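Reading the structure
What follows is each chain in one-letter form.
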Amino acid sequence: MGKIISLANQKGGVGKTTTAINLAASLAALEYKVLLADADPQANATSGMGFDLRNIKSSIYDCLIEDKHPRDVILNTEIEGLDLLPSTIDLVGAEIEMLNMPNREQVLKHVLGKVREDYDFMLIDCSPSLGLLTVNALTASDSVIIPVQCEYFALEGLGKLLNTIKIVQKRLNPDLEIEGFLLTMYDSRLRLSNQVVDEVRKHFQQMVFDTVIQRNIKLSEAPSFGKPALLYDANSKGAVNYLNLARELLQKNEKTKIPNEDKIIK
Ligand SMILES: Nc1ncnc2c1ncn2[C@@H]1O[C@H](COP(=O)(O)OP(=O)(O)O)[C@@H](O)[C@H]1O
Ligand SMILES: [Mg+2]
């Protein structure tokens, strides 16, 4: 049964989508079956995986609102073992439409439950808000990864996020864990970047992933080619960082499948 992990932080531009795409691709490269669920109306994960939003006929919206079976919506990607539950701008309406549903916080959990047996991991790319969609993602998840950008005000807003997580744990999903804080866009040449790393590690200690994601141009270029960094430039720092993150995640979760990395890096 797949482990469900949300990528959440209500701050925009911290690396949620980049992490969702590249961690999903790395886990698939290590031969796990992975579903990337795009839960952001901006649909950056969907376009970043190479899909033209104008051609998406049905999306996560139809699963949430029309009770469409996710198997009829899920798309195969260029990477073997990696599927996508796409989003479109329609999803903006979902929060309001879900308001009057019974168990409105559990809708996504119900949707993902229908295909959970098909995957080893399901990663949910959240929107930059703490609205009902993100609450749905946290309610559906076993754990949450919190990307933290190595920039000014890195810790700002984390209190609010942690409070939301606490509320979800108390009322909706007592088993929700924090998988880890992930430092992103690290630039070793900048004193500020190093200060943020120190500060976040001091604050959250062993809850911070050892793997740090460096600032890397390939990571920002890859989405415009509709590819994870691993397919765009497998030797780039960004691709390597995310493979290491996948390995660290697997180690933490004691998954011991022996990978055959040569197979995917064509
Ligand atoms: N490690 C990185 N190095 C360089 N650019 C990055 C990196 N991570 C993210 N970016 C870029 O920063 C911007 C915001 O990242 P994104 O993953 O979309 O954040 P979020 O989903 O949290 O809003 C995007 O343009 C993305 O390509
Ligand atoms: Mg995003």
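Reference entry: report on the structure contained in this document. These figures come from a predicted structure and were not determined experimentally. (Residues numbered from 1 in each chain as written. Chains lettered and ligands numbered in written order. Predicted model: local features only at pLDDT ≥ 70, side-chain atom pairs only at ≥ 80, totals over all residues.)

1. Overview of the sheet that holds strand β6 (residues 143–149)
Rules: When DSSP finds at least two bridges between two strands, those strands are taken to pair. Each helix corresponds to a stretch of at least 4 residues labelled H or I by DSSP, and each strand to a stretch of at least 2 residues labelled E; elements are numbered beginning at the N terminus. Each residue gets a C-beta atom placed from its backbone, and two residues are in contact if those atoms lie within 7 Å. Geometry is summarised by axes, namely lines fitted to C-alpha atoms with helices restricted to the contacting stretch, and by angles between N-to-C directions that run from 0 to 180 degrees.
Strand order in this open sheet of seven strands is β3-β4-β2-β5-β1-β6-β7, and the pairing throughout is mixed. Every interior strand has two partners, whereas the edge strands, β3 (75–76) and β7 (177–184), have only one. Bridge analysis of strand β1 (residues 3–7) against β6 gives three bridges, and the strand direction is parallel. Following the sheet pairing, Ser6 is matched in β6 by Val144. Sitting on the sheet, helix α1 (residues 16–29) is in contact with β1, β2 (34–39), β4 (82–85), β5 (121–126), β6 and β7, with an inclination near 165° to β5.

2. Here's the deal with the environment of Leu133
On the secondary structure map, Leu133 appears in helix α6 (residues 132–140). Counting along the chain gives 29 residues from Leu133 to Arg104, while the straight-line C-alpha distance between them is 9.6 Å. Sequence-distant contacts of Leu133, that is, excluding residues within four places in its chain, are made with Ala39, Ala94, Glu95 and Ser127.

3. As for the environment of Leu182
Heads up, the condition is: Each residue is classified by how many other C-beta atoms fall within 10 Å of its C-beta atom, where C-beta atoms are placed from the backbone; a count of 20 or more means buried, 12 or fewer means exposed, and values in between mean partly exposed.
Mapped onto the elements of the fold, Leu182 is located in strand β7. Judged by C-beta crowding, with 26 C-beta atoms within 10 Å, Leu182 ranks as buried. Remark: the alpha-carbon pair of Leu182 and Glu97, spanning 85 residues in sequence, is separated by 33 Å. Residues contacting Leu182, with those up to four places away along its chain left out, are Thr19, Ile145, Ile146, Pro147, Val148, Phe209 and Ile213.

4. Focus: the nonpolar core
The condition that has to hold: The nonpolar core criterion groups buried Ala, Val, Leu, Ile, Met, Phe, Trp, Tyr and Cys residues into a set whenever they are joined through C-beta atoms within 7 Å.
Ala24, Val34, Leu36, Ala37, Leu123 and Ile124 are the most contacted members of the largest nonpolar core, which has 84 residues in total. With near-sequence residues (within four places) excluded, Ala37 lies in contact with Ile60, Leu85, Leu112, Met122, Leu123 and Ile124.

Interpretation note: all reported values are geometric properties and have no functional meaning in isolation.
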